[in-house]
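# Results of the structural survey
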Amino acid sequence: MDRKDNQSPQGETARILVEFLEVAITSIVFLKGVYPSGAFERRRYMNLVVQRACHPQLRDYIHSAVFGLLPFIQKGMVERAAVIFFNTDGIPVERFVFKLAVNQSYGSKVEDANLEFSLRSFLIKLSVSESLTKVLPRDYRWEITAYFRSLPEASANKDVEQWIPTDTRQWEQPPLLTPIKSMSSEPLCVQLYIEHPSLSEPKP
């Protein structure tokens, strides 16, 4: 996405963030071994070697989902973005959650280098976090889910139309959280953590 010199601080921050999320989500899918390693290729991003999806459908799904959030992140409407792995009953077994906050009152120039340096550390932590994750069941699926603080009417914003309610079920008990990384660098705050079902979660 081309950078615009006249972009607002929130717009510039959202642009950097969605580019990061696309790479981070691809890294999670690669980390979990969802597809053969041949479905990815090595690329450089933020001076790091990262994975990029080669398969057009996989690449387009991640790209369209993340960049579809751009206008909502810019307005501070997205609370969390998550990669959810769930079993055949639609019950999550693992969630990678990005908790997001863009300061809507921030009016100064965004220092791209500072934001990118902070976000870069998330990718480093993700690459060594496999030991914190769980082995997935044989017949699992995954999806990208966004949690909105508020959502405009579809008639008022065509970008809303591509987001539909998820069929994935919710846990009955508060999940177990494993923090991965957090940052606070105006105007952006991000937390990344993994959620697993509580030990007291009823079995299906």
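Remember, predicted model here, so these are calculated numbers, not experimental data.

What follows deals with the nonpolar core. In this structure, F20, I73, F85, F98, L119 and W142 are the most contacted members of the largest nonpolar core, which totals 55 residues. For this core, the element with the most residues is helix α1 (residues 9–31), which contributes 12 residues.

The next point concerns the pairing of strand β3 (residues 78–86). When you tally the buried positions in β3, you get 7 out of 9 residues, the bulk of the element. Of the pairings in the sheet, the one linking β3 to strand β5 (residues 141–148) comprises 8 bridges and is antiparallel in character. Within β5, the residue paired with A82 across the bridge is T145.

Let us look at the packing of aromatic side chains. Applying the stated criterion across every chain yields a total of 7 aromatic pairs. For the pair F30 and F40, a centre-to-centre distance of 5.2 Å together with 80 degrees between the ring planes defines the contact as edge-to-face. In this pair, F30 is assigned in helix α1 and F40 in strand β1 (residues 40–45), connecting sequence segments 10 residues apart. Judged by its relative accessible area of 32%, F30 is partly exposed. Given the relative accessible area of 7%, F40 is considered buried. Ring plane angle 70 degrees and centroid distance 5.5 Å describe the contact between Y61 and W142, whose orientation is recorded as edge-to-face. Pair noted here: Y61 is in helix α2 (residues 56–67) and W142 is in strand β5, with a separation of 81 residues, a long-range link. Among the aromatic residues, ring-to-ring pairing joins F20, F98 and F122 into one connected group.

Before going further, it helps to spend a moment on the environment of S127. Structurally, S127 can be placed in helix α4 (residues 112–127). In sequence terms S127 and I28 are 99 residues apart; their C-alpha atoms lie 8.4 Å from each other.

For the rest of this paragraph, the subject is the pattern of salt bridges. According to the stated counting rule, one finds 8 salt bridges in the structure shown. R15 is paired through a salt bridge with E12; the nearest N and O atoms lie 2.8 Å apart. Taken together, the positions of R15 and E12, both in helix α1 and 3 residues apart, correspond to about one turn of that helix. In this pair, the class of R15 matches that of E12, namely buried. When the shortest N-O distance is used, the salt bridge between R52 and E41 registers 2.7 Å. Of this pair, R52 sits in strand β2 (residues 48–53) while E41 sits in strand β1, and the two are 11 residues apart along the sequence.

With that settled, consider unusual backbone geometry. Each neighbour pair has its own omega, and for E186 with P187 the value is 10 degrees, a cis peptide bond. Along the chain, P187 falls in the loop between β6 (176–185) and β7 (188–196). A positive phi is found at M46, a non-glycine position, where the angle reads about 50 degrees. By the element assignment, M46 lies in the loop between β1 and β2. By relative accessible area, which is 16% here, M46 ends up buried. For N47, which is not glycine, the phi dihedral falls at a positive 60 degrees. Checked against the element boundaries, N47 lands in the loop between β1 and β2.

Thresholds, definitions, all that
- Residues numbered from 1 in each chain as written.
- Predicted model: local features only at pLDDT ≥ 70, side-chain atom pairs only at ≥ 80, totals over all residues.
- Heavy atoms only, no water.
- Core = buried A, V, L, I, M, F, W, Y, C linked by side-chain atoms within 4.5 Å.
- Buried < 20%, exposed > 50% of the residue type's maximum accessible area, 1.4 Å probe, protein only.
- Helix = DSSP H or I, 4+ residues; strand = E, 2+ residues; numbered from the N terminus.
- Pairing = 2+ DSSP bridges.
- Phe/Tyr/Trp six-rings, centres within 6.5 Å; stacked < 30°, edge-to-face > 60°.
- Salt bridge = Lys/Arg side-chain N within 4 Å of Asp/Glu carboxyl O.

That's the geometry; what it means functionally is another story.
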